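Read off the chains here:
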Amino acid sequence: MQYGYIKLWRKSLDAGWLQNPKLWTFWCWCLMKATHREYDQIVGCQQVHLMPGEFVFARKKASKELRMSEQSIRTFIDFLKTSQNLTIKTTNKFSVISIINWNTYQGNEFENNQQINQPLTNKS
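Conventions and cut-offs
Residues numbered from 1 in each chain as written. Predicted model: local features only at pLDDT ≥ 70, side-chain atom pairs only at ≥ 80, totals over all residues. Heavy atoms only, no water. Pairing = 2+ DSSP bridges. Helix = DSSP H or I, 4+ residues; strand = E, 2+ residues; numbered from the N terminus. Axes fitted to C-alpha atoms, helices over the stretch in contact; angles between N-to-C directions. Contact = heavy atoms within 4.5 Å. Buried < 20%, exposed > 50% of the residue type's maximum accessible area, 1.4 Å probe, protein only. Expected span 1.5 Å × (residues − 1). pLDDT = per-residue confidence, 0-100. Polar contact = N/O pair within 3.5 Å; in protein donor to acceptor, adjacent residues only side chain to side chain.

Participant: Quick one: what's the story with the sheet that holds strand β3 (residues 54-57), residue by residue and with numbers?
Facilitator: Within the open sheet, the 3 strands sit side by side as β3-β5-β4. Their pairing is antiparallel. Where the open sheet ends on each side, the last strands, each with one partner, are β3 and β4 (86-90). Strand after strand, the sheet turns through a mean of 25° between neighbouring axes, direction not considered. Strand direction decides the pairing type here: β3 and strand β5 (residues 95-99), joined by 4 bridges, are antiparallel. Its bridge partner being in β5, F57 is matched across the sheet by S95. Packing of helix α4 (residues 70-82) onto the sheet brings it into contact with β3, β4 and β5, and relative to β4 it is tilted by some 120°.

This is the structure in structure tokens:
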């Protein structure tokens, strides 16, 4: 398991997702599951290449981890697909969920800003 932080946008307050705690829980779970860098994951006997913002998904496993029904998980995925927050590619054994706009929401703006400002700070 990779450790680190995710960003939560205040815009989420305007979206009304907090009114549905299970949806909010599922969305945050997706953000935490997504990889932050390119990554190769072995699933069974298959290697899956993941890009930032993607993760391997199994509905039954998600249901167990989140203590939600599979129907709820299905409903949340449909909602998040419709609202253009994620996409899902399905195979007969697993799925890969991609968070749309991952780089916009989770990008390294702090690191980039720090690199830009660093030379200015060092000149003083």
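Participant: Lay out the environment of L50 in plain terms, naming residues and giving numbers.
Facilitator: Note on placement: L50 falls in strand β2 (residues 46-50). Classification of L50 as buried rests on a relative accessible area of 1%. The sequence separation of L50 and T35 amounts to 15 residues, and the corresponding C-alpha distance is 7.4 Å. If we skip the residues at most four places from it in the chain, L50 touches T35, R37, E38, Y39, Q41, F55, V56 and V96.

Participant: Tell me about helix α2 (residues 21-33), and name the residues and values.
Facilitator: Taking 1.5 Å of rise per residue, 13 residues should cover 18 Å, and α2 covers 18 Å from first to last C-alpha, within 8% of that figure. Burial in α2 covers these residues: L23, W24, F26, W27, C28, W29, C30 and L31.

Participant: Which residues make up the confidence of the model for the chain, and what values do they have?
Facilitator: With 85% of its residues at a pLDDT of 70 or more, the chain has an overall mean of 86. Confidence drops under pLDDT 50 across residues 112-117; counting only partners more than four residues distant or on other chains, this segment forms 0 contacts.

Participant: I'd love a proper account of the environment of K33, names of residues and values included.
Facilitator: Note that K33 resides in helix α2. Remark: the alpha-carbon pair of K33 and V56, spanning 23 residues in sequence, is separated by 8.4 Å. Sequence-distant contacts of K33, defined by excluding residues within four places in its chain, comprise E54, F55 and E65. Separated by 3.3 Å, the side chains of K33 and E65 make a polar contact.

Participant: Quick one: what's the story with unusual backbone geometry, residue by residue and with numbers?
Facilitator: For R67, which is not glycine, the phi torsion reads 55° and is therefore positive. Tracing the backbone through its elements, the reader meets R67 in the loop between α3 (59-66) and α4. With a relative accessible area of 78%, R67 lands in the exposed category. For N101, which is not a glycine, the phi torsion comes out positive at approximately 65°. Given the relative accessible area of 41%, N101 is considered partly exposed.

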